[in-house]
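# Structure assessment
Listed below are the residues making up each chain.
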Amino acid sequence: MRHITYLLLLFSTLVFAQVDPVEQDSTVVHYMIIEGDSIPVTEIELDEVLMLPNLSFADRDARIRYIILRRKTLKVYPYAKLAAERLETLQKRLDKLKRKREKKKYAKVIQKYIQDEFSAELKKLTKTEGQILVKLIHRQTGKTTFELVKELRNGWKAFWYNNTASLFDISLKKKFSPIEVEEDYLIEDILQRAFQNEQLAQQNAAFEIDFYACVNKWSKPKRKTDSKIKPRLKSKQ
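Here's a quick rundown of the structure.

Structurally, P178 is set in the loop between α6 (155-166) and α7 (182-196). The class for P178 is buried, based on a relative accessible area of 5%. Residues P178 and K217 lie 39 residues apart in sequence; the distance between their C-alpha atoms is 9.9 Å. Once you skip the residues sitting within four places of it in the chain, P178 turns out to touch D184, Y185, E188, I209, C214 and W218.

Rendered as structure tokens:
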């Protein structure tokens, strides 16, 4: 009901709002009239655009690693995005249910639905792709995969899944931290570029990521150590 009330208020505001351009000194000033009050609009709000730095690599191997990481990130990101959407739907539905039994029953339905939807595709992922997916799920939901499993199932299941995943070098407790881990920064860089060229549908992270702080930390040019030149010994004649 609260969401419906907000929508009705927004609708009524739009109905009574008018925009009239008034020319003053060869400058067009827009006035928005809301409930009889004229409010001048002198600024236009533009969408924030993230300025991405030019890519530079230390050597050919670093460039190849970035290209491989980009391919893997673009592959698994849609799964993380979809998981976040499913989790949001699940949480909204659970908030409306009052009985614990109803919540448990509905959670099982969603679990089975997600399992049937993801299982076949996730089995095709490599170890590194699986670990990237775990990180991106944390980016999109704000919770680790371990925490999500623990909430949807129970602590023992989460422990078992984490130990099973560890056999394949995958930790379900892994977090996404581009300010602390260089690979995570590169993943974030890949995502931002894909969002800008509309290669991926953008979904904001569940927590704030200071991308420019990451750039400043990880894009600093590495100092080349000066080679020590040994003095030549003059031969005695």
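That was the structure; now back to the text.
Here α7 is 15 residues long and its end C-alpha atoms lie 21 Å apart, about the 21 Å a rise of 1.5 Å per residue gives. Here α7 has its buried residues at D184, Y185, I187, E188, D189, I190, L191, Q192, A194 and F195. Residue E198 follows α7 closely and has a positive phi angle near 60°.

This next bit is on the pattern of salt bridges. In the structure shown here, the tally under the stated rule is eight salt bridges. Of the charged contacts in the structure, one is a salt bridge between K72 and E129, with a shortest N-O distance of 4.0 Å. Of the two residues, K72 is situated in helix α2 (residues 60-96) and E129 in helix α4 (residues 127-141); the sequence distance between them amounts to 57 residues. Taking the relative accessible area as the measure of exposure, E129 reaches 2% and is therefore buried.

Analysis parameters
Residues numbered from 1 in each chain as written. Predicted model: local features only at pLDDT ≥ 70, side-chain atom pairs only at ≥ 80, totals over all residues. Heavy atoms only, no water. Helix = DSSP H or I, 4+ residues; strand = E, 2+ residues; numbered from the N terminus. Buried < 20%, exposed > 50% of the residue type's maximum accessible area, 1.4 Å probe, protein only. Contact = heavy atoms within 4.5 Å. Expected span 1.5 Å × (residues − 1). Salt bridge = Lys/Arg side-chain N within 4 Å of Asp/Glu carboxyl O.

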